[in-house]
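# Chain and residue survey
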Amino acid sequence: LLEPLYEIPKSTTVTIKIYKKANLATDDWKLEKTVTKTITSTLSEKVEVETGVDFNSGFFKVEIVQ
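Residues numbered from 1 in each chain as written. Predicted model: local features only at pLDDT ≥ 70, side-chain atom pairs only at ≥ 80, totals over all residues. Heavy atoms only, no water.

## Some remarks on the packing of aromatic side chains
Stated precisely, the cut-off is as follows: Only Phe, Tyr and Trp rings take part, Trp by its six-membered ring, and two of them pair if their centres are within 6.5 Å. Stacked means planes under 30 degrees apart, edge-to-face means over 60, and tilted covers everything else. Lysine NZ or arginine CZ positioned within 6 Å of the ring centre and within 35 degrees of the ring normal marks a charge as sitting over the ring.
Enumeration over the complete set of coordinates arrives at 0 aromatic pairs. Lying over the aromatic face of Tyr 19, Lys 61 brings its terminal NZ or CZ to 5.3 Å of the ring centre.

## Here's the deal with the pairing of strand E1 (residues 13-21)
Which entries qualify depends on this criterion: Strand pairing is assigned whenever DSSP identifies at least 2 bridges connecting the two strands. Here a helix means four or more residues in a row that DSSP labels H or I, a strand means two or more in a row labelled E, and each is numbered from the N terminus.
For E1 and strand E2 (residues 30-38), the ladder comprises 8 bridges, and the chain directions are antiparallel. Its bridge partner lying in E2, Tyr 19 is registered against Leu 31. Strand direction decides the pairing type here: E1 and strand E3 (residues 59-65), joined by 7 bridges, are antiparallel. Each bridged residue has a counterpart across the sheet, and for Lys 17 the counterpart in E3 is Glu 63.

## Quick look at the pattern of salt bridges
Pairing between side chains becomes possible if they bear opposite charge and their charged atoms approach one another. For the record, the criterion: Here a salt bridge means any side-chain nitrogen of Lys or Arg lying within 4 Å of a carboxyl oxygen belonging to Asp or Glu. Note on exposure labels: buried denotes an accessible area under 20% of the residue type's maximum, exposed denotes more than 50%, and partly exposed covers the range between, all computed with a 1.4 Å probe on protein chains only.
Considering all chains together, one arrives at 1 salt bridge under this definition. Across the pair Lys 30 and Glu 32 runs a salt bridge, and its minimum N-O distance is 3.8 Å. By relative accessible area, which is 54% here, Lys 30 ends up exposed.

Structure, rendered in structure tokens:
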């Protein structure tokens, strides 16, 4: 059984912030990208991050602000 990570009403605009840091031993999260997106589907929504963020190394966290 899969549960959604977030339940956001349709037609809601959210800001998605992607943070990155080199290792888990430090607490120096660096903001890599901010994307504003309007949720258009009640089932699921995939958010593409444009080029400019290297996802090949490091650790990431995502913050969704409604």
